[in-house]
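# Residue-level structure breakdown
Each chain is listed here by its residues.
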Amino acid sequence: MAIDFTTESIGMKQIGHGEIVSDLTDVVRYLLAFVLLVSVGCTDNTTSTVAQENITRVGVSSITFNRDIAPIIFSHCSSCHRPGESAPFSLLTYDDVYSHRKQIVEVTQSRYMPPWPPETGHLPFLSERKLSVEQLAKIAEWVDSGAEEGDSANLPQTPVFTSGWQLGEPDLMVEMEQPFTMPAGGGDVFRNFVVRVPAIEDHYIAAYEFRPGNPRVVHHADIRTDQTNSLRDLDSIDDEPGFDGLLDLSATPPGGVFLGWTPGRVPAQPNPQISWPLQKGADMVFQLHLQPTGKVESVKSSMGLYFAKSPPQKIPFTMSLGCRSIDIAPGRDDYTIERSYILPVDAHALSVYPHAHYLGKHIHAWIVLPDGTKTTLIEINDWNFNWQDQYTFREPLYLPAGTKITLRYTYDNSADNPRNPHHPPKRVIYGQRSINEMGELNLQLVLNNQNDFRKLNEDFGSFQLRSSLADFEEILKSDPNSVLALGGLAAVYISRSEPALAEPYLLKEIESRSDDIYKAKALLQLAIVQYQLGKPTEAEQALVQATRISPNLARGWFLLGDFLSSQDRFTEALGHYMRGLERDPENIFILEKVGDIRLRNNELPEAKSIFNKLLKIDPKNFNAFFNLGALMLREQNPAEAIHYFELAAESRPQVAQTYNQIGIARGMRREFEKAIQAFEKALEIDSELLDAHLNLAMIYEELGQHKLAVRHYRHHLRMPDPPIAATVKLAWILATSSDETVRAPQEAVRLAETGAKVTERRVAVILDRLAAAYAAAGKFEAAIKTAEEAAQLAEQKGQSDLAKEIQARLMLYRQNVPYRQLKAP
Amino acid sequence: MHVNQIASLLLCMTLTSCSQQNSTLIDSEDQPFLLWQSAEAPPATVLIFTRTDCPIANRYAPTVRSIYERYHEHGVRILLVYVDPKETLSSIRRHLDDYQFPCHGVHDPLHELVNLVQATVTPEAVVFDSQRRIAYRGRIDDLYVDFGKVRPEPTTHDLEDALESLLANQPVAVAETKAVGCYISDLN
């Protein structure tokens with residue numbers, strides 16, 4: 001082996017004195033090598049491997065990039081280390097890897113890369129990115145031995161990655177309306193972005209792909225839905241899109257499924273077990289963790305959604321077990337929390353997602369089966385907040401009823417923790433901001449059936465309320481003005497339907513809140529509670545105050561409108577809805593309410609324009625179709641009414657009232673067969689829709705089918721306080737039907753007497769029906785007397801036709817003959 | 001280490017006598033680069049070794065900018081030294097532009113400057129005093145503890161402290177710190 005001493009190899013360059021000196025180290029190194037080689041050569045003539053190991057290996061190694069290292073890099077690194085992905089440089093070629101080789105050794109040895117914090121040796125996860133001990137050694141040896149490229153024949157094919165959407169064109173794509181500008185410097189940013197979903201039907205989502213837009217900046221994303229649309233209002237807190245801070249309870253994992261993204265996450269293939277519902281009108285919320293890169297960056301994230309053909313096969317449930325009374329003193333390096341819950345039903349766990357902030361150190365969660373077997377769900381020895389992730393089990397984990405789930409986390413709030421955000425360390429309490437701390441274990445469960453879901457939901461729900469109560473009360477001991485605890489306790493009592501207990505906490509929370517938007521939200525909550533407590537004046541005051549301090553809170557106007565509507569103060573309600581619309585002109589919920597009121601006020605042109613506006617925003621809006629149908633009925637246009645009601649039925653097939661209205665419209669057109677069909681359809685959906693019974697009864701009566709008429713009248717009259725008209729109509733049939741199997745004189749008398757009593761014997765036709773009932777029952781004296789009364793009344797009221805009819809019947813009664821209707825043709 | 005000591009000793013000797021070099025270093029203005037532009041050196045000369053694709057170095061851009069803005073008018077000379085041989089004049093200029101660096105850069109493909117001061121990682125700061133002696137070397141601040149271990153905020157500001165001391169004619173309290181970043185030797 002010859003050592004080349006030419007000027008190039010020892011780096012002597014024709015530049016100047018300084019440069020020669022700089023290569024002294026190289027010269028020495030080569031001299032040493034030469035000396036060693038010579039000395040070895042002198043003592044041993046064989047080129048044994050032992051001898052070779054005594055020499056610094058130059059150019060001799062069995063490990064090459066092409067054969068041994070490339071496969072590792074391609075399978076464990078390249079998916080992120082390639083253009084357009086999260087990593088700052090590519091690792092796709094020999095040159096790439098060579099120019100980072102020492103760094104690669106170091107970051108793999110320290111287990112910083114590839115990022116996979118969980119300890120192995122427990123339950124296996126999907127897509128585990130850990131390198132084995134052998135792989136680590138290989139990489140190190142390769143670098144040590146000169147990092148040879150090797151034979152190109154051995155190089156495996158560079159992995160090919162799908163560009164664009166990984167699962168193909170999505171059925172629906174949603175994205176942030178405006179890009180967010182991430183500053184060049186400063187610390188990490190945690191920001192929430194409300195993303196509107198174009199109004200569509202409800203859908204189940206089988207798969208999704210989140211695209212950060214700027215994968216070098218977006219470090220992590222949590223995705224939720226907000227069905228209340230209330231988080232939209234927070235978007236206007238400052239000029240930049242989105243808002244910082246707490247994601248309140250309005251934003252939830254949709255349908256009990258966790259959605260998220262981390263660098264390198266491959267979108268999951270459609271899983272029929274856990275498709276999740278995207279409800280029409282709900283907003284999506286992207287909670288993003290952003291890291292500065294040193295230059296100003298733009299972030300516009302999007303999400304592709306793939307529809308499922310049917311609801312999930314199993315019932316998903318997100319279980320979030322955690323502690324909110326975290327309170328870590330400065331300097332404490334072993335603060336520990338522990339929480340447990342026992343499952344009341346069978347379940348399968350699909351994934352686990354531990355969560356803590358900067359001070360988290362040791363994460364451990366495990367289960368104990370009813371037979372005593374203990375299994376670790378996840379363990380992380382050096383928690384890194386920047387690399388939190390959701391870990392999916394390779395096989396769904398069966399958890400029989402009675403399984404105890406426990407989390408035990410330890411925190412380090414000492415100065416020795418380099419990730420401590422406070423310098424010197426400060427007291428750290430629970431909170432969602434990154435300077436606060438959290439301790440949570442999120443489990444994605446699936447349940448076998450609705451019963452189990454209900455049971456778990458109830459049981460875990462009460463458990464959460466109990467834990468929350470305990471946690472918040474604990475917090476109040478040291479922090480009596482903690483808005484988190486005050487608001488939290490109010491929320492607990494509200495969900496337990498104990499508004500009286502919630503009220504004092506809300507009042508105190510409002511007092512303690514300095515932030516207008518959150519104060520306004522608390523005031524809204526207070527208004528609802530006070531209304532429930534029968535304090536309408538206070539409730540209204542709270543609402544007015546809320547909308548005054550935060551006029552942008554469209555929801556405030558909406559609630560104020562609702563409140564006034566419930567008091568039948570429709571004009572005032574309308575005024576408040578309109579102000580809400582000023583802030584949020586396309587708010588479907590408010591538009592629907594305004595349309596309702598316009599219709600109620602018979603302001604038909606205004607109502608029409610509202611409904612047409614709704615249909616522009618939401619082309620299948622049920623409310624708009626239904627109300628337009630009602631409007632057409634009012635305009636005596638049953639053909640158009642039917643058209644709209646049919647559209648309404650298409651939009652929401654399971655609303656009985658729609659078919660009832662169709663029936664009414666058909667009835668107006670005397671299309672009795674079709675009317676009957678419609679009413680029957682309504683009753684199929686809701687057998688207790690009493691209006692439909694009444695309508696059917698009246699049609700059957702018209703058609704002379706008294707048996708059916710009576711049946712439906714009787715059904716209709718089951719309601720408490722039935723309308724008199726129906727009572728009396730039934731009485732009439734029961735008294736005078738030509739069909740003797742239908743006649744029931746006693747019942748007729750009873751019904752007609754009720755009718756007469758309720759109307760204080762001041763309605764002639766009712767007295768007439770009563771008389772007929774008496775006659776049918778053989779009580780002719782009473783019949784005559786009542787008929788005479790009726791006739792007199794009719795004359796007085798100028799109802800001459802009715803008076804004539806009554807007189808005719810009177811003559812029969814005087815003959816002791818009851819009145820009978822003619823048989824229907 | 002013995003070898004390095006010899007090297008630096010010789011280095012100091014040669015630097016003082018080496019005012020006119022035949023350098024092939026070109027700066028980002030496409031001008032020949034000279035480490036020492038005149039017989040009298042500025043109060044401090046700062047070389048910050050960097051790469052365009054090093055995320056740690058890039059994250060320091062705002063900090064470097066603010067240091068430049070603060071000390072430039074006191075005569076401190078600050079330069080970014082690009083150590084990746086594969087860089088070009090346009091890629092360096094684009095990088096300076098993207099990250100809004102107010103200072104100049106210089107491409108060091110043959111690692112002349114790297115070897116001159118024995119820089120090992122990017123970003124690494126090396127500060128010469130007015131006597132052309134190395135007064136400080138190491139990290140810019142302690143934001144990075146290690147790969148993957150980043151503080152929410154730096155707790156020391158080593159480069160700035162060194163510059164303050166030099167401008168006040170005080171000895172630099174901490175002359176050497178360990179810098180965390182991408183290895184320059186990987187580019188050999």
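Residues take numbers from 1 onward in each chain, read along the sequence in its written order. The order in which chains are written sets their letters, starting at A; the order in which ligands are written sets their numbers, starting at 1. Under the rules for a predicted model, residues below a pLDDT of 70 receive no local features and side-chain atom pairs below 80 are neither given nor counted, while totals for whole chains, interfaces and linings still include all residues. Hydrogen atoms and water are omitted, and side-chain values are computed over all heavy atoms in the structure.

## A closer look at the overall build of chain A
Filter applied, for reference: Going along the chain from the N terminus, every DSSP run of H or I of four or more residues is numbered as a helix, and every run of E of two or more is numbered as a strand. Buried residues are those whose accessible area, probed at 1.4 Å on protein chains only, stays under 20% of the maximum for their type, while exposed residues exceed 50% and partly exposed ones sit between those limits. The contact rule is simple, with two residues in contact once any of their heavy atoms fall within 4.5 Å.
Of regular secondary structure, chain A possesses 27 helices and 22 strands. The buried share of chain A, reckoned over its 825 residues, is 50%. Here the analysis covers contacts within chain A between residues at least 6 apart in sequence; of these, 70% occur between residues at least 24 apart.

## Some words on the overall build of chain B
This is how the line gets drawn: Computed with a 1.4 Å probe, the accessible areas rest on the Shrake-Rupley method; for each residue, only the protein chains presented here act as cover.
Across its full length, chain B holds six helices and ten strands. A buried classification covers 54% of the 188 residues belonging to chain B. Summarising the internal contacts of chain B: among those between residues at least 6 apart in sequence, 72% fall at separations of at least 24. Counting every atom, chain B has about 8,500 Å² of accessible surface; 50% of that belongs to carbon and sulfur.

## Observations regarding the packing of helix α25 (residues 764-776) of chain A against helix α26 (residues 780-796) of chain A
Residue and element names in this part refer to chain A. Short version of the rule: An axis is simply a line fitted to the C-alpha atoms; with a helix, the fit covers only the stretch in contact. Between two such axes, the angle follows the N-to-C directions and lies from 0 to 180 degrees. In these notes the angle categories are as follows: under 35 degrees is roughly parallel, over 145 is roughly antiparallel, 65 to 115 is roughly perpendicular, and the rest is oblique. For a crossing to be left-handed, the near helix must be turned anticlockwise from the far one by less than a right angle; the clockwise case is right-handed. By the convention adopted, Pro, Cys, Tyr, Trp, Phe, Met, Ile, Leu, Val and Ala count as nonpolar, Lys, Arg, Asp and Glu as charged, and the other residues, Gly among them, as polar.
Relative to each other, α25 and α26 sit at 165°, their axes nearing to 8 Å. Comparing the axis directions of α25 and α26 gives the class roughly antiparallel. The way α25 lies across α26 gives a crossing that is left-handed. Listed contacts from α26 to Ala764, Leu767, Asp768, Leu770, Ala771, Tyr774 and Ala775 of α25 are Phe780, Ala782, Ala783, Thr786, Ala787, Glu789, Ala790, Leu793 and Ala794. Across the contact of α25 with α26, the residue classes tally to 13 nonpolar, one polar and two charged.

## Some points on helix α3 (residues 61-71) of chain B
Each turn of an α-helix holds 3.6 residues, which means side chains three or four residues apart point in the same direction. Among all positions of α3(B), only Ala61(B), Pro62(B), Val64(B), Arg65(B), Ile67(B), Tyr68(B) and Tyr71(B) are buried. Packed against the buried residues of α3(B) are β2 (44-50), α2 (55-59), β3 (77-82) and α6 (158-167) of chain B.

## Re the sheet that holds strand β12 (residues 302-307) of chain A
Residue and element names in this part refer to chain A. Note the threshold: When DSSP finds two or more bridges between two strands, those strands count as paired.
Spatially, β1-β12-β4-β9 is the arrangement adopted by the four strands of the open sheet, whose pairing is antiparallel. The sheet is open, and its two borders are formed by β1 (172-175) and β9 (276-278), each paired with just one other strand. Between one strand axis and the next, the sheet turns by 50° as a mean value, whatever way the strands run. In terms of strand pairing, strand β4 (residues 203-211) meets β12 through six bridges, oriented antiparallel. Counterpart to Arg211 in the pairing with β12 is Ser302.

## Topic: the packing of aromatic side chains
Worth spelling out the cut-off: Only Phe, Tyr and Trp rings are paired, with Trp represented by its six-membered ring, and only when their centres lie within 6.5 Å; those with planes under 30 degrees apart are stacked, over 60 edge-to-face, the remainder tilted. Two conditions define a charge located above a ring, namely a distance within 6 Å from the ring centre to NZ of Lys or CZ of Arg, and an angle within 35 degrees of the ring normal.
Across all of its chains, the model carries 28 aromatic pairs over all chains by this definition. On the numbers, 5.6 Å between centres and 25° between planes, the contact of Trp732(A) with Tyr819(A) is stacked. Of the two residues, Trp732(A) sits in helix α23 (residues 724-736) while Tyr819(A) sits in the segment after α27 (800-814), which places them 87 residues apart along the sequence. A relative accessible area of 9% places Trp732(A) in the buried class. Through pairs of rings, three or more aromatic residues link up here, namely Phe317(A), Tyr341(A), Phe453(A), Phe460(A) and Phe463(A). One Lys or Arg, Arg82(A), reaches over the ring of Phe161(A) and ends 3.9 Å from the middle of that ring. In this structure, Lys102(A) is placed above the aromatic ring of Tyr183(B), and the distance from its NZ or CZ to the ring centre is 4.2 Å.

## Focus: the confidence of the model for chain B
Rules: pLDDT expresses how confident the predictor is about each individual residue, on a scale running from 0 to 100.
Here chain B averages 86 in pLDDT, while 88% of its residues score no lower than 70. Across the interfaces of the predicted complex, the ipTM metric reaches 0.83, alongside a pTM of 0.66.

## Considering the pattern of salt bridges
Residues and elements named next belong to chain B. Rules: Salt bridges, as used here, are contacts in which a Lys or Arg side-chain nitrogen is within 4 Å of a carboxyl oxygen on Asp or Glu.
Under the counting rule described, the total for this entry stands at 44 salt bridges over all chains. As a salt-bridge pair, Glu124 and Arg137 come within 3.7 Å of each other at their nearest N and O atoms. Pair noted here: Glu124 is in strand β6 (residues 124-129) and Arg137 is in strand β7 (residues 134-138), with a separation of 13 residues, a long-range link. Both residues of the pair, Glu124 and Arg137, count as buried.

## Points about unusual backbone geometry
Residue Pro424(A) is reached from His423(A) by a cis peptide bond, and omega for that bond is 0°. Within the element layout of this structure, Pro424(A) appears in the loop between β20 (404-411) and β21 (428-429). Following Thr122(B), the chain continues into Pro123(B) via a peptide bond in cis, with omega recorded as 0°. As for its position among the elements, Pro123(B) is in the loop between β5 (121-122) and β6. Although it is not a glycine, Asn816(A) sits at a positive phi angle of roughly 60°. Here Asn816(A) is to be found in the segment after α27.

## Observations regarding the side chain of Glu592(A)
The following threshold applies: Charge assignment: positive for Lys and Arg, negative for Asp and Glu; neither His nor the chain ends contribute.
Looking at the element boundaries, Glu592(A) is found in helix α15 (residues 588-600). No salt bridge forms around the buried Glu592(A); measuring N to O, its nearest opposite-charge neighbour Arg652(A) is 5.4 Å away.

## Comments concerning the sheet that holds strand β15 (residues 335-342) of chain A
Residue and element names in this part refer to chain A. Spatially, four strands are ordered β15-β20-β17-β18 in an open sheet, and the strand pairing comes out antiparallel. The two strands at the open ends of the sheet, each matched to only one other strand, are β15 and β18 (374-380). Between one strand axis and the next, the sheet turns by 15° as a mean value, whatever way the strands run. Strand direction decides the pairing type here: strand β17 (residues 360-368) and β18, joined by six bridges, are antiparallel.

## Some details on the pairing of β2(B)
All names here are of chain B. Buried residues dominate β2, accounting for seven of its seven residues. Here β2 shows a buried face lined by Ala44, Val46, Ile48 and Thr50 and a second buried face lined by Thr45, Leu47 and Phe49. Bridge count between β2 and β6: six bridges; the pairing is antiparallel. Of the residues in β6, the one forming a bridge with Val46 is Val127. Pairing between β2 and β3: six bridges, direction parallel. Residue pairing for β3: Val46 is matched across the bridge by Ile78.

## Regarding the environment of Lys138(A)
Residues and elements named next belong to chain A. Among the structural elements, Lys138 can be located in helix α7 (residues 133-144). By relative accessible area, which is 35% here, Lys138 ends up partly exposed. Residues Lys138 and Val105, 33 residues apart in the sequence, show an inter-C-alpha distance of 9.7 Å. Other than its neighbours up to four places away in sequence, Lys138 contacts Ile63, Asp68, Ile69 and Ile72.

## Some thoughts on the environment of Leu631(A)
All names here are of chain A. Tracing the sequence through the fold places Leu631 in helix α17 (residues 622-634). Assessed through its relative accessible area of 0%, Leu631 is described here as buried. Taking the C-alpha atoms as reference points, Leu631 and Pro605, 26 residues apart in sequence, are found 9.7 Å from one another. Setting aside residues no more than four positions away along its own chain, Leu631 makes contact with Leu599, Leu604, Ala607, Lys608 and Phe611.

## Quick notes on the nonpolar core
Residue and element names in this part refer to chain A. Our working rule: Put simply, buried Ala, Val, Leu, Ile, Met, Phe, Trp, Tyr and Cys residues joined by side-chain atoms within 4.5 Å make one nonpolar core.
One finds Tyr713 and Tyr813 to be the most contacted residues of the largest nonpolar core, which totals 122 residues. Top element by residues in this core is α25. It accounts for ten residues. Apart from the residues within four sequence positions on either side, Tyr813 is in contact with Asp768, Ala771, Ala772, Ala775, Phe780, Ala783, Ile784, Ala787 and Tyr819. Counting residues in hydrophobic clusters, the runner-up holds 46 residues, among them Phe317, Tyr358, Tyr411 and Leu441.

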